[in-house]
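# Structural characterization, general
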Amino acid sequence: MFTGIITDVGQVRSVDRSGEARFVFSCAYDADGIDLGASIACDGVCLTVVDKGRDADGNWFVMEVSEETLSKTTLADWATGTRVNLERALKVGDELGGHIVSGHVDGVATVVEIRPDNESRRLVFEAPEALKKFVAPKGSVTINGVSLTVNEVDNRRFGVNIIPHTQTVTTLGDLIVGKRVNMEIDMLARYVSRLLEKE
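The structure presented is a predicted model; accordingly, all values stated were derived computationally and were not measured. (Residues numbered from 1 in each chain as written. Predicted model: local features only at pLDDT ≥ 70, side-chain atom pairs only at ≥ 80, totals over all residues. Heavy atoms only, no water.)

## Overview of the state of the cysteines
For the structure on display, the rule yields zero disulfides. The cysteine Cys-42 is free of any disulfide, with Cys-46 supplying the nearest cysteine sulfur at 8.7 Å. Residue Cys-42 is classed as buried on the basis of its relative accessible area, which comes to 0%. Judged by its relative accessible area of 27%, Cys-46 is partly exposed. (Disulfide = S-S within 2.5 Å. Buried < 20%, exposed > 50% of the residue type's maximum accessible area, 1.4 Å probe, protein only.)

Here it is in structure tokens:
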């Protein structure tokens, strides 16, 4: 489980697609403190550490990614140099600063508008048709692993405000119109919808 509060922005060091896709990430995390088998959310996708280390270029860890994950997320778009939001899994006693995030991406949304809002940026995304019913004003949504509050909703489109701090410490400040992003709906919305279906 995660909270959507990014603790590092890593970078794809290399990608090997010859079999099961294998991504090597540079990071600021101390490799000695990363356990093999640990979960790290990479742009909101929960992946498992299969190797790690430190060399002259710094700390790194390796994730293997299935074809299913590549087809349902933006990972297929990643290449050497891609910057990625990172969050390590929650530990008992950690502060819940965002909202409960599973790291299981529900779909891929698209940036359709970016405009300044004082020092913040207003980003408008278009969600997949199947996910629009789960997005509500003042509700929570996770974009590329970042916990955000929804400002407004118009059918499939919804807007969020990105404050300067979030622009600096995540990759959301790099987004441009047309960019695809990983989207996870609020877990509460998922279960409420399921309960209503049963009635």
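There is more to say, and it comes next.
## So, the pairing of strand S5 (residues 58-65)
Among the eight residues that make up S5, six are buried, leaving the element largely enclosed by the rest of the structure. For strand S4 (residues 45-55) and S5, the ladder comprises six bridges, and the chain directions are antiparallel. Paired with Arg-54 across the strands is Asn-59, a residue of S5. In sequence, S4 turns back onto S5 through a hairpin of two residues. (Helix = DSSP H or I, 4+ residues; strand = E, 2+ residues; numbered from the N terminus. Pairing = 2+ DSSP bridges.)

## Observations concerning the side chain of Thr-171
By the secondary structure assignment, Thr-171 is in the loop between helix H2 (164-169) and strand S12 (180-185). Filtering out sequence-adjacent residues up to four positions away, Thr-171 remains in contact with Val-9, Asp-43, Arg-83, Val-84, Asn-85 and Asn-144. (Contact = heavy atoms within 4.5 Å.)

## Some words on empty space enclosed by the protein
Scanning the model with the defined rule gives one cavity of 30 Å³ or more in all. The space that makes up the largest cavity amounts to roughly 30 Å³. Around the largest cavity, the lining residues are Phe-2, Gly-4, Ala-41, Gly-44, Glu-87, Val-101, Thr-142 and Gly-145. (1 Å grid on protein atoms, 1.4 Å probe; cavity = no way out; pocket = protein on both sides within 12 Å on 5 of 7 lines; lining within 4 Å. Points joined across faces, edges and corners; volume = space filled by probe spheres on them.)

## Observations concerning the pattern of salt bridges
Across all of its chains, the model carries 14 salt bridges by this definition. Here Arg-13 and Asp-55 are joined by a salt bridge, their closest N and O atoms 2.7 Å apart. Remark: Asp-55 occurs in strand S4 and Arg-13 occurs in strand S1 (residues 8-16); sequence separation between them is 42 residues. Of the residues examined, Asp-55 reaches a relative accessible area of 36% and is grouped as partly exposed. The residue Asp-117 makes a salt bridge to Arg-122 at a minimum N-O spacing of 3.5 Å. Under the relative-accessibility criterion, Asp-117 is labelled partly exposed at 28%. (Salt bridge = Lys/Arg side-chain N within 4 Å of Asp/Glu carboxyl O.)

## Overview of the packing of aromatic side chains
This structure, assessed with the given rule, holds five aromatic pairs. With a centroid separation of 6.1 Å and 15° between ring planes, the pair formed by Phe-23 and Phe-25 is classed as stacked. Neither residue differs from the other here; Phe-23 and Phe-25 are each classed as buried. When the centroid spacing of 5.8 Å and the interplanar angle of 85° are considered together, the rings of Phe-23 and Trp-78 count as edge-to-face. You can see Phe-23 sitting in strand S2 (residues 21-27) and its partner Trp-78 sitting in the loop between helix H1 (67-72) and strand S6 (83-88), a full 55 residues away along the chain. Look at Trp-78 and you get buried, because its relative accessible area is 5%. Through a chain of ring-to-ring contacts, the aromatic side chains of Phe-23, Phe-25, Phe-61 and Trp-78 assemble into a single cluster. The ring of Tyr-29 carries Arg-88 above its face, with NZ or CZ at 5.4 Å from the centroid. (Phe/Tyr/Trp six-rings, centres within 6.5 Å; stacked < 30°, edge-to-face > 60°. Lys NZ or Arg CZ within 6 Å of the ring centre and 35° of its normal.)

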